[in-house]
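# Structural characterization, general
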Amino acid sequence: SIFMMLRGSLSIFSTLFSILFLKKKFKKYQWFGVILTIISLVIVGFAGIMINGNNKSNNDNNNSLKNFENATFICNIKLKTTEKNDERFTWVDRLVGVIIIIIAQIIQGWQLVFDEYMTQKMNLPVMLVVGMEGVWGVLIMIFIGRLRKN
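Cut-offs and rules
Residues numbered from 1 in each chain as written. Predicted model: local features only at pLDDT ≥ 70, side-chain atom pairs only at ≥ 80, totals over all residues. Heavy atoms only, no water. Helix = DSSP H or I, 4+ residues; strand = E, 2+ residues; numbered from the N terminus. Buried < 20%, exposed > 50% of the residue type's maximum accessible area, 1.4 Å probe, protein only. Contact = heavy atoms within 4.5 Å. Salt bridge = Lys/Arg side-chain N within 4 Å of Asp/Glu carboxyl O. Core = buried A, V, L, I, M, F, W, Y, C linked by side-chain atoms within 4.5 Å. pLDDT = per-residue confidence, 0-100. Expected span 1.5 Å × (residues − 1).

What follows is about the overall build of the protein. When helices and strands are tallied, the protein shows 6 helices and 2 strands. Starting at the N terminus and walking to the C terminus, you meet the elements of the protein as α-α-α-α-β-β-α-α. The 150 residues of the protein split such that 21% are buried. In the protein, the share of contacts with a sequence separation of at least 24, taken over all contacts with a separation of at least 6, comes to 61%.

So this is what it looks like as structure tokens:
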């Protein structure tokens, strides 16, 4: 899926943040890998935005979606999947989805670099850093869950 392909941008953002905040130096072959990743993500992102729901190459994917007809999702909305399921999204909808995925990867890249900063520069124990991430994650999700109930 395009989501999984765009997750590759995490390596780009973590590289950039490592240079900016940790003052790391990268070798030429590492930069070559980052550039190849950027090129491939531009191609995948553009293809994901411009894909047409009537395309025959999507037929296998649409057949597997038929198995999930009338599936109920977490937000209690029932969606009926058909062969023309992709037609309900415009290219603008897809562009917004790609942008949201990239923003999420920027945040995760920052988190990885900050974790490295805390463990290497501040000399905090790795288990403490990971444990605090888990505690804060649980607290935030409890807060979001309470907001949803109201």
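Next, the rest of the story.
The final tally for this structure, using the stated rule, is 1 salt bridge. For K24, the salt bridge identified is with E116, shortest N-O distance 2.6 Å. Separated by 92 residues along the polypeptide, K24 in the loop between α2 (9-22) and α3 (28-50) and E116 in helix α5 (residues 91-121) bring together distant segments of the chain. Residue class for K24 comes out partly exposed when judged on its relative accessible area of 35%.

Before going further, it helps to spend a moment on the nonpolar core. In terms of nonpolar packing, the biggest core is built from 7 residues, these being L6, I12, V34, L41, I49, V98 and I101. Of the residues forming this core, the biggest block, 3 residues, is contributed by α3. Dropping the residues within four chain positions of it, I101 is found in contact with F3 and L6.

It is worth spelling out the confidence of the model for the protein at this point. Looking at the protein as a whole, its pLDDT mean stands at 79, while 76% of the residues score no less than 70. Within the protein, α2 carries the highest mean pLDDT (94), whereas strand β1 (residues 71-72) carries the lowest (38). Throughout residues 54-83 the model reports pLDDT below 50, and contacts reaching past four residues in sequence, or to other chains, amount to 29 contacts.

On to α2, then. It helps to recall that an α-helix has 3.6 residues per turn; residues three or four apart then point in one direction. Taking 1.5 Å of rise per residue, 14 residues should cover 20 Å, and α2 covers 19 Å from first to last C-alpha, within 8% of that figure. Within the span of α2, buried status applies to S9, L10, I12, F13, S14, T15, F17, S18 and L22. Close packing links the buried residues of α2 with α1 (2-6), α3 and α5.

Here we come to unusual backbone geometry. Notably, K23 is not glycine yet its phi reads approximately 60 degrees, a positive angle. Residue placement: K23 occurs in the loop between α2 and α3. A positive phi angle is found at N123, which is not glycine, with a value near 55 degrees.

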